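Commentary on secondary and tertiary structure
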Amino acid sequence: MSSTTWREARARYAALTRSRTADDPELLEALRELKQLHASEKVIEAVKAAPPLTDEQRNRIAAILNGGGVA
């Protein structure tokens, strides 16, 4: 697991946008990492703020995260 925060990833992405084209592989990877870290942080915040999930709720969320969509 990366120890990079989404804010650090955002700064890296911003720096790369100054010298890279929109289709640059390193820029695209930096954007992918930024979005993943930001989403992960939001999920962690939501889980901490919510009451414990039931197995059904946990399975539904896992299905969404695994690309199964919303049932």
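Residues numbered from 1 in each chain as written. Predicted model: local features only at pLDDT ≥ 70, side-chain atom pairs only at ≥ 80, totals over all residues. Heavy atoms only, no water.

Now for the overall build of the chain. Summing up its helical and strand segments, the chain has three helices and zero strands in all. In the chain, the succession of helices and strands from N to C terminus is α-α-α. Radius of gyration (C-alpha) of the chain: 16 Å, far over the 11 Å computed for a compact globule of 71 residues. Once the C-alpha set of the chain is aligned to its principal axes, its extents read approximately 45 × 25 × 15 Å. Residues counted as buried form 11% of the 71 residues belonging to the chain. Sequence separation of at least 24 residues holds for 37% of the intrachain contacts in the chain that already meet a minimum separation of 6. Of the side-chain charges in the chain, 11 are positive and 10 negative, and the distance between the mean point of each set is 5 Å. (Helix = DSSP H or I, 4+ residues; strand = E, 2+ residues; numbered from the N terminus. Rg over C-alpha atoms; globule rule 2.2 N^0.38 Å. Buried < 20%, exposed > 50% of the residue type's maximum accessible area, 1.4 Å probe, protein only. Contact = heavy atoms within 4.5 Å. Lys, Arg positive; Asp, Glu negative; His and termini not counted. Charge placed at Lys NZ, Arg CZ, Asp CG, Glu CD.)

Summary statistics for the chain give a mean pLDDT of 90 and a share of 93% for residues scoring 70 or more. Per-element confidence in the chain is highest for helix α1 (residues 6-17), whose mean pLDDT is 94, and lowest for helix α3 (residues 55-65), whose mean pLDDT is 91. (pLDDT = per-residue confidence, 0-100.)

Attention shifts here to the side chain of Asp24. Structurally, Asp24 can be placed in the loop between α1 and α2 (25-49). Side-chain polar atoms of Asp24 contact the backbone nitrogen of Leu27, separated by 3.0 Å. (Polar contact = N/O pair within 3.5 Å; in protein donor to acceptor, adjacent residues only side chain to side chain.)

A full pass over the atoms with the stated rule returns seven salt bridges. Among the salt bridges present, the one from Arg32 reaches Glu29, with a minimum N-O distance of 3.0 Å. Of this pair, Arg32 and Glu29 are both found in helix α2, three residues apart, which corresponds to roughly one turn of the helix. With relative accessibility at 39%, the residue Glu29 sits in the partly exposed group. Asp55 is the salt-bridge partner of Arg58, the closest N and O atoms lying 3.1 Å from each other. Taken together, the residues Arg58 and Asp55, both in helix α3 and three residues apart, mark about one turn of the helix. Salt bridges linked by common partners bring Arg12, Arg20, Asp24 and Glu26 together as one network. (Salt bridge = Lys/Arg side-chain N within 4 Å of Asp/Glu carboxyl O.)

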